[in-house]
Amino acid sequence: LDRDTSGLIAIGRTTEAHRALSRQFQAHEPRKVYTALLWGWLAEERGNVAVPIGKVRQPGESHNRMAPLPVSEGGRPSLTRWVVLRSHPPAEPKENPTQQKHNAAQGHPPAGQKQYSAAGAQRAPAPGAPAVPN
């Protein structure tokens, strides 16, 4: 898991289960669907975000982070499909677990995850939605 995020890790309790899980993940069989609480009001009800993602070292940091990166600089193609569900869009990344980066790149970083906050993010909550601190 990325630092300062939440999520789920699947672990095989036996050697046989571990091997079965490993095979499934290598074959990209598990379907990963996330429910994301984002800042801002999305103009569309559904969409795709196709932004290449790669390892980037931020100034002053000792490790790399996955972030938008042009293919010419080593980024890999990455796609997240999203749909608004009662103003809480589930995200289904297709190549990499990068929905946080895709959402932030579109001006809607995940609420409560400061590492994805962007200076230009749309901070206004949806009409009638409660304010969520970042």
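As the structure is a computational prediction, the values presented were derived from the model and not from experiment.

(A) Spatial organisation of the overall build of the chain. Of regular secondary structure, the chain possesses two helices and six strands. Sequence-ordered secondary structure for the chain, helices as α and strands as β, is α-β-β-β-β-β-β-α. Residue pairs in contact within the chain that sit at least 24 positions apart in sequence constitute 54% of those at least 6 positions apart. With the model as given, the accessible surface of the chain reaches about 9,200 Å², and the carbon-plus-sulfur share is 52%.

(B) Looking closely at the environment of Leu 38. One can find Leu 38 in the loop between β1 (34–35) and β2 (46–50). Considering only alpha carbons, one finds Leu 38 and Ala 104, 66 residues apart in sequence, at a separation of 8.8 Å.

(C) Fine view of helix α1 (residues 15–26). With 12 residues, α1 ought to run about 16 Å at 1.5 Å a step, and its terminal C-alpha atoms sit 16 Å apart, in line with that. A positive phi of about 55° marks His 28, the residue just after α1.

(D) Representation of unusual backbone geometry in the model. Backbone geometry at His 28 places phi at a positive 55°, although glycine is not the residue there. As for its placement among the helices and strands, His 28 is situated in the loop between α1 and β1.

(E) Molecular detail of the environment of Pro 109. Locating Pro 109 in the fold gives a position in the segment after α2 (99–105). Judged by relative accessible area, Pro 109 falls into the buried class, the value being 0%. For the pair Pro 109 and Ala 36, spaced 73 residues apart in the sequence, the C-alpha separation amounts to 9.4 Å.

(F) How the structure looks around the confidence of the model for the chain. In this model, the chain carries an average pLDDT of 75, and 63% of its residues clear a pLDDT of 70 or more. The spread of mean pLDDT over the elements of the chain runs between strand β6 (residues 90–93), the lowest at 62, and α1, the highest at 95. For the stretch residues 118–123, pLDDT sits under 50, and the model shows 14 contacts to residues farther than four places along the chain or on other chains. Considering only residues more than four positions removed or in separate chains, one finds that residues 129–134, a stretch of pLDDT under 50, has 14 contacts.

What counts, and at which threshold
Residues numbered from 1 in each chain as written. Predicted model: local features only at pLDDT ≥ 70, side-chain atom pairs only at ≥ 80, totals over all residues. Heavy atoms only, no water. Helix = DSSP H or I, 4+ residues; strand = E, 2+ residues; numbered from the N terminus. Contact = heavy atoms within 4.5 Å. Areas by Shrake-Rupley, 256 points an atom, 1.4 Å probe, with all protein chains shown as cover. Expected span 1.5 Å × (residues − 1). Buried < 20%, exposed > 50% of the residue type's maximum accessible area, 1.4 Å probe, protein only. pLDDT = per-residue confidence, 0-100.

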